[in-house]
Amino acid sequence: ETGVTQSPTHLIKTRGQQVTLRCSSQSGHNTVSWYQQALGQGPQFIFQYYREEENGRGNFPPRFSGLQFPNYTSELNVNALELDDSALYLCASSLDLAGGGYEQYFGPGTRLTVT
Amino acid sequence: GDSVTQMEGPVTLSEEAFLTINCTYTATGYPSLFWYVQYPGEGLQLLLKATKADDKGSNKGFEATYRKETTSFHLEKGSVQVSDSAVYFCALRRSGGSNYKLTFGKGTLLTVNP
């Protein structure tokens, strides 16, 4: 059973640019969640995808968007980057079934720095 | 909305000392409660969980009991080791609803000195 992987590990972008972060879920997991962890803070929920459709969103603007693919990979896209977007971005995969959610397995994260 | 409050850190202990990290929560219904640990430069690892009132989660010598009456889920360990140095996050997941997002506290940095 492979774990959750994320790429790239680190990324530096300039304000106003666009960025795509990638996540590879554990095989068989139908749900991926993305979280933003600012320095010294707990992770904040961005959104969740279940079977390739958005299934809940936190308090983040529309310039944060995502995709989930059938091959257990997913993307987080951020447009018009702002300095405050600098953070560790975590993805977590899980196998969620009707009536219950199960353990979320986290990847190591992508450290995004916006200058 | 849902929220989790953890004791402020950092916490510095000597090896073999007793550890308590307080966690209280606000949520409707009966959420599941979790403790995650984050080692330097790594993602989050699930440490333990409890899904209903009075459940005790335990792992690697750590324990936490789901207290519905006090809305608490305090983390304890009887004898910490240097290798326990990490950031600890308390989290909840609401039961029911359309998604299973986690709501985290701000984290507590634990440093254990030899």
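Placed above this text is the structure.
Residues numbered from 1 in each chain as written. Chains lettered and ligands numbered in written order. Predicted model: local features only at pLDDT ≥ 70, side-chain atom pairs only at ≥ 80, totals over all residues. Heavy atoms only, no water.

> For the overall build of chain A, give the residues involved together with the corresponding values.
Counting its secondary structure elements, chain A contains zero helices and 11 strands. Each helix (α) and strand (β) of chain A, taken in turn from the N terminus, gives the series β-β-β-β-β-β-β-β-β-β-β. In terms of overall size, chain A behaves like a compact globule, its C-alpha atoms giving a radius of gyration of 13 Å where 115 residues would be expected to give roughly 13 Å. On the principal axes, the C-alpha backbone points of chain A span a range of 40 × 25 × 25 Å. Taken across its 115 residues, chain A has 48% of its residues classed as buried. Summarising the internal contacts of chain A: among those between residues at least 6 apart in sequence, 55% fall at separations of at least 24. When the accessible surface of chain A is split by element, carbon and sulfur atoms take 50% of a total near 5,600 Å². Positive and negative charge centroids in chain A, built from 7 and 10 side chains respectively, lie 9 Å apart. (Helix = DSSP H or I, 4+ residues; strand = E, 2+ residues; numbered from the N terminus. Rg over C-alpha atoms; globule rule 2.2 N^0.38 Å. Buried < 20%, exposed > 50% of the residue type's maximum accessible area, 1.4 Å probe, protein only. Contact = heavy atoms within 4.5 Å. Areas by Shrake-Rupley, 256 points an atom, 1.4 Å probe, with all protein chains shown as cover. Lys, Arg positive; Asp, Glu negative; His and termini not counted. Charge placed at Lys NZ, Arg CZ, Asp CG, Glu CD.)

> Describe the overall build of chain B, listing the residues and the values that go with them.
Across its full length, chain B carries zero helices and 12 strands. Listing every helix and strand of chain B by position from the N terminus yields β-β-β-β-β-β-β-β-β-β-β-β. Here chain B holds 114 residues, and 45% of them are scored as buried. Within chain B, contacts between residues at least 6 apart in sequence are counted, and of these 56% link residues at least 24 apart. Accessible surface for chain B amounts to roughly 5,400 Å². Of this, 48% is attributable to carbon and sulfur atoms.

> For the sheet that holds strand β3 (residues 19-24) of chain A, give the residues involved together with the corresponding values.
Residues and elements named next belong to chain A. Across the sheet, which stays open at both edges, the four strands sit in the order β1-β3-β8-β7 with antiparallel pairing between neighbours. The open sheet has two free edges, formed respectively by β1 (5-7) and β7 (64-68), since each of these has just one partner strand. Between one strand axis and the next, the sheet turns by 20° as a mean value, whatever way the strands run. Two elements, β7 and strand β8 (residues 73-78), share five bridges in a ladder whose sense is antiparallel. Following the sheet pairing, L67 is matched in β8 by E75. (Pairing = 2+ DSSP bridges. Axes fitted to C-alpha atoms, helices over the stretch in contact; angles between N-to-C directions.)

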